[in-house]
Amino acid sequence: MTTTHSIDLLVYPDDCDSHGHLSSPSLLQLFERALWEAVARGSGLRVGDSRVSLTIRKATLDRYESANAGDVVTVETALTHIAESTFTLQQRVRHTKNEAMIAEGDFLVACIDQNGDAVDVPETITRLFGARPSMRPGETQTLAVRGNAVAVDIHGDGSPILFVHGFPLDRTVWKHLIATLNGWKRIAPDLRGMGLSEVPEDGYAISEYADDMIALLDTLHLEQTVVCGLSMGGYVALDLIRRYPDRVGALILINTRSGADDDPTREGREEMISLIEREGTEGLSDLMIGRLLGESSLAAMPQVVDHLGTMICRTPTAGAVGALRAMRDRRDAADILGGIQVPTLVVAGMNDRLIPLRTARTLADQIPGAQFTQIPEAGHLTPLEQPIALSRVVREFLEALS
Ligand code: MLT
């Protein structure tokens, strides 16, 4: 049995701070209230049962939008992991009227008795959620694409946007955009050889990644989509518009370029391949983190540094080597830029060490009518480093399309 509980709650005036916004302590209380409501209504655990206390041992919280007194919000609760005396809940709170995500959190809950000793997870919890972890809302699916298993997150309804990640990353780099762009069908796959997708022995080329994306859209019965590519994902997006122009309704090119590798860059790719063959992708982590993130993110965003390190280390060696060869051998896309006829947004990070601002600006200048936006305090990974600013720019661009 897989269950996600969903409960609508009202934001009271005393849940709000002096500016009238739902305060952080009250947000945590809403999550807690939703759990107790689910428990009390669902499996009959007496609220205040003195034999077992449920104590939050670890919490991570992402906030996206504000809520005000009088707003009705929907809190979804899913059990994502269960052990002997602990379990993990994922909770999301959205505006009920338009599904906009207000916040999401993961909570590790410990079960203890009156003496503070660990006790088994009460049966009421397993009765409520099922003995096995339930689907996270919008959980990752695996689809067969050109003979390979491709992991993909698909959220929401509306016109589709395909998000193509960079190197050595995976679909989770889009988590903030995915959470906030309600009103659109957000599709974020892992490219072959990366994230949770299958790692075939061969077929690593920018055009192969692009063919995979078209096959994925075919599987999802989507004729045309907005394509949003980050860095290497931008190389894939440009290949898509070159070879499948009818399938691309608009382009969003983030921290990327159109040019092919020059000789020193190709040599750098070879050195990186040797490093990965010697040390695995763990060996790549320190080197890449310093290059990918802007200085302010490195200093002040430990959660982004952690997330990036995790993505790099879990990238399969063969997939990382394949991607480096794909980038090394990619063709120059400058010849197609002048012929791009779809609305295009080019986004640059002002502190991007890999793609200088002037390179991104030149890309925008060469695409007729392209909009160019530079984001302060962002390095090469704007979707992780400045998610709110990026989300706003992307939303404005998308709204202007419709
Ligand atoms: C990426 O972020 O996808 C890559 O670093 C791009 C590149 O190395 O050309």
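Residues numbered from 1 in each chain as written. Predicted model: local features only at pLDDT ≥ 70, side-chain atom pairs only at ≥ 80, totals over all residues. Heavy atoms only, no water.

## Some points on a nonpolar patch on the surface
In step 1: A surface patch of nonpolar side chains, about 250 Å² in accessible area, is lined by L10, Y12 and V72.
In step 2: Tracing the chain through its elements places L10 in strand β1 (residues 4–10).
In step 3: A relative accessible area of 37% means that L10 is categorised as partly exposed. (Patch = residues over 30% accessible without salt bridge, like charges linked within 9 Å, V, L, I, M, F, W, Y side chains within 5 Å. Areas by Shrake-Rupley, 256 points an atom, 1.4 Å probe, with all protein chains shown as cover. Salt bridge = Lys/Arg side-chain N within 4 Å of Asp/Glu carboxyl O. Helix = DSSP H or I, 4+ residues; strand = E, 2+ residues; numbered from the N terminus. Buried < 20%, exposed > 50% of the residue type's maximum accessible area, 1.4 Å probe, protein only.)

## Describing the nonpolar core
In step 1: If you look at the biggest cluster of nonpolar residues, it comprises 88 residues, and the most contacted ones within it are F167, W174, Y209 and M232.
In step 2: With eight residues, helix α4 (residues 206–219) is the largest single contributor of residues to this core.
In step 3: Core analysis: the second largest hydrophobic core is formed by 29 residues, L30, V75, L89 and F129 among them. (Core = buried A, V, L, I, M, F, W, Y, C linked by side-chain atoms within 4.5 Å.)

## Digging into the domain arrangement of the chain
In step 1: Per the domain assignment, the segments making up the chain are domain 1 (5–128) and domain 2 (140–401).
In step 2: Distance between the C-alpha centres of domain 1 and domain 2: 34 Å.
In step 3: Facing the eight residues of domain 1 at the interface are six residues of domain 2.
In step 4: A combined buried area of about 620 Å² lies between domain 1 and domain 2, and 49% of that area is made up of carbon and sulfur atoms.
In step 5: Linking domain 1 with domain 2 are one salt bridge.
In step 6: A salt bridge links D62 to K175; its shortest N-O distance comes to 3.4 Å.
In step 7: Taken together, the connections running from domain 1 to domain 2 amount to two residue pairs in polar contact (both at pLDDT 80 or more).
In step 8: Split by residue class, the side of domain 1 that touches domain 2 holds three nonpolar, one polar and four charged. (Domains from an automatic or database assignment. Contact = heavy atoms within 4.5 Å. Buried area = accessible area lost by both parts, 1.4 Å probe. Polar contact = N/O pair within 3.5 Å; in protein donor to acceptor, adjacent residues only side chain to side chain. Nonpolar A, V, L, I, M, F, W, Y, C, P; charged D, E, K, R; others polar.)

## Structural notes on the site of the ligand
In step 1: Looking at the ligand, the residues that line it are G166, F167, S231, M232, Y235, R257, R269, M327, L354 and H380.
In step 2: Take F167: an N or O atom from its main chain is 2.7 Å from an oxygen atom of the ligand.
In step 3: In this structure, H380 approaches the ligand through a side-chain N or O atom, which is 2.8 Å from an oxygen atom.
In step 4: Burial of the ligand by the protein chains amounts to 93% of its free accessible area of 270 Å².
In step 5: When the residues that make up the shell around the ligand are grouped by side-chain class, the tally is five nonpolar, three polar and two charged. (Near = heavy atom within 4 Å.)

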